[in-house]
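Secondary and tertiary structure notes
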Amino acid sequence: MNRFLQNRYAMTPEGARDLNKSIWWTVLQFLSFMLPIMVCTFFTRDVLRVFSGKAQNLSWSIWAYVGISLVILTLIYIINYIQYGSTYTRIYDESAKTRIRLAETLRQLPLSFFGQKDIADLSSTIMEDTNQIENLFSHNVPHVYASIISILLMAVMMFLFDWRLALALFWVVPVAALVFLSSSRYQKKVHTDVYHIKRDVSDFIQEGLDNAQVIQSCNEEKNYTSRLNAKLDAYENYLIRTELLIGAVLNLANALLYLGVPTVLICGGTLLAQGQVDLFTFLVFLLVSSRIYSPISEALSNFAALKYLGVRIERMREMNNMPRQTGKETMQPKGYDIVFKDVDFSYQDDMQTLQRVSLTAKQGEVTALVGPSGGGKSTIAKLAARFWDIDRGRITLGGEDISQIDPETLLQNFAIVFQDVTLFDMSVLDNIRIGKKDANDEEVLHAAKLAQCDAFVKRLPQGYQTPIGENGERLSGGERQRISIARALLKDAPVILLDEATASVDTQNESKIQQGISELIKNKTVLIIAHRMRTVLGADKIIVVADGKIAESGTPKELLKQKGRFASMVEAQSA
Amino acid sequence: MTQQAKGSPKKAKQPALLKRFVPFMGEKRFFLFLSLLLSSLHALLGMLPFLMVWLLVRQLLQTLGQVQLEGLTKYAWLAFAAQVLAILCYFAALLFSHLAGFRVEVALQKKGMERIINKPLGFFDTNLSGRMRKIINDSAGSTHSFLAHQLPDMAATVITPLSVLLLIALVDWRLGIALLIPILMGFITMGGMMTTAGKAFQDQYLNALEAMSSESVEYVRGIPVVKTFGQSVFSFKRFYNLILNYKEMVYAYTITWRHPMSAYTMIMQAGGLFLVVASLLTWEGSDSAGILLSNFILFLMLAPLFSTTMMKSMYLYQNKMIAGQVLDRMEGLLDYPDMSRGKQTQIDDTSLAFQYVTFTYPGSDTPAVSSVSFRINPGETIALVGASGSGKTTLARLAARFWDVDSGQVLVGGVNVKNIAKETLMDNVSFVFQTTRLMKMSLRDNITFGTTNATEEAIQRAVDLSQSREIIYSLPQGLDTIIGSRGTYLSGGEQQRIALARSILKDAPIVLLDEATAFADPENEHLIRKALKALSQGKTTLMIAHRLNSVVDADQILVMDKGRIVEKGSHEQLLQKQGMYADMWAEYQTTIDWKVSSSKKEVSA
């Protein structure tokens, strides 16, 4: 049982054991609820005996009943107390372990994952998943299993008592369950179709919201509205054709169960009249019929709530199975030349992003990657810092193969200044301090000054101590860039990866950002992704990347003389 | 133990939830009523089987042994029929409630979007499209769900307890009281479960949950940075601690419910035992034992109805709150004031003028522009320069009537913008701002959007002038390629150029443009610039400039600072003044000359 639970729900052995325990305590709890009924049936039989003259007095006095009641109630209390402890509490241990495991996994994913928007959504979904799973395991899962076990036990008991009346009692259960499960399955199928239509409507609404300016500017409001209304009408009709019946039937399944009561009446009455069953048996079945359907109904709905559990668990499994990057945690590079040798790489299986790329970025030099967008230049820069693992070839830093080195160790040698800057809800000073964890205030302020941060920080209410707010919403693009440059300056790493577009983020303060960048790249190995050709005319080497291959390579002077791609790009941009 | 929805601030008393749906339902509003009616019938009919049981058992006990078969089966079949009828009523109620749900879901979106799409353009400034979409989606989903599934249960939560009470009162009130005592005790326990200590634990737990959730977002978001700076271990540690903290808090909170819940469960199971004791107390001898027993059986069968109804009504209440909140949010969104509609369809010429215009953004206390006056003659180009926040973007948007000015007037073609009919204004003014995107239709349709009867020649010309020719060539189906399908997406810069083709085709005499559009694509900035130039050729143009080389040829440059015009003149005139503009120009020159270089010498010119 433990192994079954472990596998099905991706739990640790302790987690499975706890779940097992909670299931059995819940079974005991359900059984304890039968005790009061048993007292009632005992009382009924007693009264019948007296009533039919078979006995003079009731066998038990009122005090006996009171006494028994107190004992039973105490028992129920105790069992409940223990059951509560076993269900609602153990799960949190397991949950914490799951979250920690998830956090560890995320930490070890390649940097490239975090550049995609999907991963941020995925991660928040996964965190939400653990919350949902936590809820389901504390409430629904033990109840479903316990219900099944208890109901089976009850069924066996009732069948042993009188199989004919038991049939009358239980015939509705498989019928209702069948109706429920098959309409549930049908609904899932319909749901997928509905999902697409719904998505289409929702996307059209999004498009309207995104393009409201254009729509109004082109006087197209009426057209848009009538197109949307048509889509919505079609959606409503589709729902009526497909979901209406199914939705109603699904909700009905529970109500079907209650047909059992009149069935027992009919059956019991007939059998009674034929003398095939005694009054006491009949009454017992009546009583049971009034109590048994609501727990069954609850079990069905709990079961329904579990339907998404599988999906969530699967998502978590996928997450845990994602490829992680590992490697040596020490490195001794001999210098800081970056060398690519015959590198092949593709993002997806059918597209070859880079083909047989070979290049050298020499230590202490500025190497510029230029080329049409999508040609591969930013990929090359990122591969140098092991954002992904390549398919073929070798990339070395100072002679060491980077694929063998733990990413965080490798990154110690890099300072990266790209357009996306992540800021934290701490002070400006602490945000910059991320560049070097143990830096003292002096060092941080020095780096900030060189990055031209003083100009805007002095306008903030608390200067460098001003908290930035969530992801630095209050700062402009140019101010964020300067913080990013300050971090890089503080880190003082030997290799700089730079996207030149960062300078033009803020045209007003462009010159300040440029100053910061110039300071940053002094005496370092620089790999810069350039968009404006005039900025790289002073570089030591230009590499033109197009269609995933190296098209040209040389000093600016050489390439201008060649009158190839670089030369034509320079000319086009200066027009 | 239920998760409580976060409380919303006290609002003005809202009409009953169901009434709020009525305006959206059109002719189908009777479905609400029908569903309630049918579900009430279902609840009432559902009581009949119990009645039949009681009558049957009474008869049985009276005759004891000499059972009349038809007598018995009469009751039994009546009960069965009543139950079947009840189920049919419930089914019908569900059908109507589902239809109502579908209708409301659709109508909310229709009405909502119709109002939104006609809101003043300033509305889209304050409200992010993603957030709006979520509000619309949520309101549609929640109301559908509430109506379809909860509505049929609403009647039962009132009718069932009432009918049980009635039955109890009529049959044997003494036994009835015995039944009600544990129910009442149950209510009291439920109510009293939230002690102040319990509340404190709940707050701690909710805070811990909130802290952990927001940290998880920060953690994921921050991983690329902390990895790059070798600090992922520390960031992980912080998250780790919050995870453990949450575990402690939720455990502590859950434990506070342990005794109360056990007590509650115990009480709710005690009904039968109370009945037994009460029956013994009211025992009047073996003759009336038959009646007593039949009453006992009835009440024992009725008891579970209370707890199931209570559960249902709790559930109902929660969903009702959520549906109400969701509707509130939707109404809040639509609460934005509409603009007055002008009527004039003629303008005198193609000039654009501002006269003493002052405007403050809603929610701000300093004016974004103060007493700004200038005039652009037909065919002229005026450029606005200045620091961000100086008001230049605001001016351009006021010209397109994104908002109405607080004082002064904006004159388009000599007519106050407030008096021009919206269609006329839009026909005469083109604006190219940064948020332009393409829609999911063919490139051709995107370009001809808003222009009727465009000739093929005109379209091709627009394509060329907007420097989009190479984009069209690179796509297999050229102009007929549909954006968004099969992963056909254009880059930001490419989208800008197609959008410019659209504006060029529209050929409006007055053009408002934000030069920042060019920066969407640093590689092809020069192409977008060419397109912008083609667009404003011969038109009355108001340009928001960021790079000073684009304003050199403007007829006039307005230098803005903190919402006011501080300098005015042509490029040469302003350089001579040696004021703010001259400084900006000097600074700009350094950025032009900047180069990345490994040499140690100074880089700036």
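Residues numbered from 1 in each chain as written. Chains lettered and ligands numbered in written order. Predicted model: local features only at pLDDT ≥ 70, side-chain atom pairs only at ≥ 80, totals over all residues. Heavy atoms only, no water.

Things to note about the overall build of chain B
Per the secondary structure count, chain B includes 20 helices and 10 strands. Considered along the principal axes of its C-alpha atoms, chain B spans approximately 120 × 60 × 55 Å. When burial is assessed residue by residue, chain B has 55% of its 605 residues classed as buried. When contacts within chain B are restricted to residue pairs at least 6 apart in sequence, long-range pairs at least 24 apart make up 77% of them. Across chain B, 58 positive and 49 negative side-chain charges occur, with their mean positions spaced 6 Å apart. (Helix = DSSP H or I, 4+ residues; strand = E, 2+ residues; numbered from the N terminus. Buried < 20%, exposed > 50% of the residue type's maximum accessible area, 1.4 Å probe, protein only. Contact = heavy atoms within 4.5 Å. Lys, Arg positive; Asp, Glu negative; His and termini not counted. Charge placed at Lys NZ, Arg CZ, Asp CG, Glu CD.)

Comments concerning the overall build of chain A
The helix and strand tally for chain A stands at 21 helices and 10 strands. The globule rule puts the C-alpha radius of gyration for 575 residues at 25 Å, and the 36 Å found for chain A is more than 25% above it. Relative to its 575 residues, chain A shows a buried fraction of 56%. Put simply, 74% of the contacts in chain A that link residues at least 6 apart link residues at least 24 apart. Carbon and sulfur atoms provide 54% of the accessible area of chain A, an area that totals close to 25000 Å². Between the averaged position of the 61 positive side-chain charges in chain A and that of its 61 negative side-chain charges there is a distance of 3 Å. (Rg over C-alpha atoms; globule rule 2.2 N^0.38 Å. Areas by Shrake-Rupley, 256 points an atom, 1.4 Å probe, with all protein chains shown as cover.)

So, the pattern of salt bridges
Residue and element names in this part refer to chain B. For the structure shown, the criterion picks out 50 salt bridges over all chains. Where K119 meets D338, a salt bridge forms, and the shortest distance between an N and an O atom there is 3.2 Å. Taken together, the positions of K119 in the loop between α3 (69-117) and α4 (123-126) and D338 in the loop between α11 (289-334) and β1 (352-359) put the pair 219 residues apart, joining distant regions of the chain. Classification of K119 as buried rests on a relative accessible area of 1%. Overall, the relative accessible area of 53% leaves D338 in the exposed class. Between K539 and D507 there is a salt bridge whose closest N-O contact spans 2.9 Å. Note that K539 is positioned in the loop between α18 (525-536) and β8 (540-544) and D507 in the loop between α17 (492-506) and β7 (510-514), a separation of 32 residues in sequence. By relative accessible area, which is 49% here, D507 ends up partly exposed. (Salt bridge = Lys/Arg side-chain N within 4 Å of Asp/Glu carboxyl O.)

A closer look at the interface of chain B and chain A
Contacts between the two partners involve 144 residues from chain B, matched on the other side by 153 residues from chain A. In total, about 14200 Å² of surface goes out of reach between chain B and chain A, with carbon and sulfur atoms giving 68% of it. Of all residues in chain B, the largest losses of buried area upon contact with chain A belong to K227, E523 and W594 of chain B, amounting jointly to 6% of the total for that side. Inspection of the chain B/chain A interface yields 8 salt bridges. Across the pair R133 of chain B and D203 of chain A runs a salt bridge, and its minimum N-O distance is 3.2 Å. Taken together, the connections running from chain B to chain A amount to 40 residue pairs in polar contact (both at pLDDT 80 or more). A per-element tally of the side of chain B that touches chain A places α3 of chain B first, with 25 residues. (Buried area = accessible area lost by both parts, 1.4 Å probe. Polar contact = N/O pair within 3.5 Å; in protein donor to acceptor, adjacent residues only side chain to side chain.)

Considering the nonpolar core
Core analysis: the largest hydrophobic core is formed by 92 residues, its most contacted members being L286 of chain A together with F299 and L302 of chain B. With 13 residues, the top contributor of residues to this core is α11 of chain B. The contacts of F299 of chain B, once residues within four sequence positions are left out, are I168, V171, D172, L175, G176, L179 and L275 of chain B. In this structure, A212 of chain A together with F21, L151 and F433 of chain B belong to the second largest nonpolar core, which totals 89 residues. (Core = buried A, V, L, I, M, F, W, Y, C linked by side-chain atoms within 4.5 Å.)

Things to note about the packing of aromatic side chains
Scanning the entire structure with this criterion turns up 32 aromatic pairs over all chains. Plain terms: the ring middles of F43 of chain A and Y65 of chain A are 5.7 Å apart, the flat faces sit at 85 degrees to each other, and that makes the pair edge-to-face. Within this pair, whereas F43 of chain A is found in helix α3 (residues 34-51), its partner Y65 of chain A is found in helix α4 (residues 62-107), the two being separated by 22 residues in sequence. Both residues of the pair, F43 of chain A and Y65 of chain A, belong to the buried class. Where F236 of chain B meets Y240 of chain B, the ring centres are 6.0 Å apart and the plane angle is 35 degrees; that geometry is what we call tilted. With F236 of chain B and Y240 of chain B both in helix α8 (residues 232-256), this residue pair falls 4 residues apart, about one helical turn. Taken together, the aromatic side chains of F359, Y361, F402, W403, F431 and F433 of chain B make up a single cluster linked through ring pairs. Its end group placed over the ring of Y81 of chain A, R258 of chain B keeps NZ or CZ at 3.9 Å from the ring centre. (Phe/Tyr/Trp six-rings, centres within 6.5 Å; stacked < 30°, edge-to-face > 60°. Lys NZ or Arg CZ within 6 Å of the ring centre and 35° of its normal.)

Here's the deal with the environment of S570 of chain B
Residue and element names in this part refer to chain B. By secondary structure assignment, the location of S570 is in the loop between β10 (564-569) and α19 (571-577). S570 gets classed as buried once you look at its relative accessible area, which sits at 17%. For the pair S570 and V552, spaced 18 residues apart in sequence, the C-alpha separation works out to 7.9 Å. Residue contacts for S570: discarding those within four places in its chain leaves D555 and I557.

Observations regarding the sheet that holds strand β1 (residues 338-345) of chain A
Residues and elements named next belong to chain A. The strand order across the open sheet formed by 4 strands is β2-β1-β4-β5, and the pairing between neighbours is antiparallel. The open sheet has two free edges, formed respectively by β2 (354-361) and β5 (400-401), since each of these has just one partner strand. Where β1 meets strand β4 (residues 392-397), 5 bridges bridge the pair, whose relative direction is antiparallel. Residue pairing across strands places K341 opposite R394, the latter belonging to β4. Its contacts with the sheet put helix α13 (residues 377-384) on β1, β2 and β4, and the angle it makes with β1 is roughly 120 degrees. (Pairing = 2+ DSSP bridges. Axes fitted to C-alpha atoms, helices over the stretch in contact; angles between N-to-C directions.)

Digging into a nonpolar patch on the surface
Taken together, the side chains of W173, I177, I181 and M185 of chain B present a nonpolar region at the surface, about 390 Å² in accessible area. Relative to the helices and strands, W173 of chain B is located in helix α6 (residues 173-192). (Patch = residues over 30% accessible without salt bridge, like charges linked within 9 Å, V, L, I, M, F, W, Y side chains within 5 Å.)

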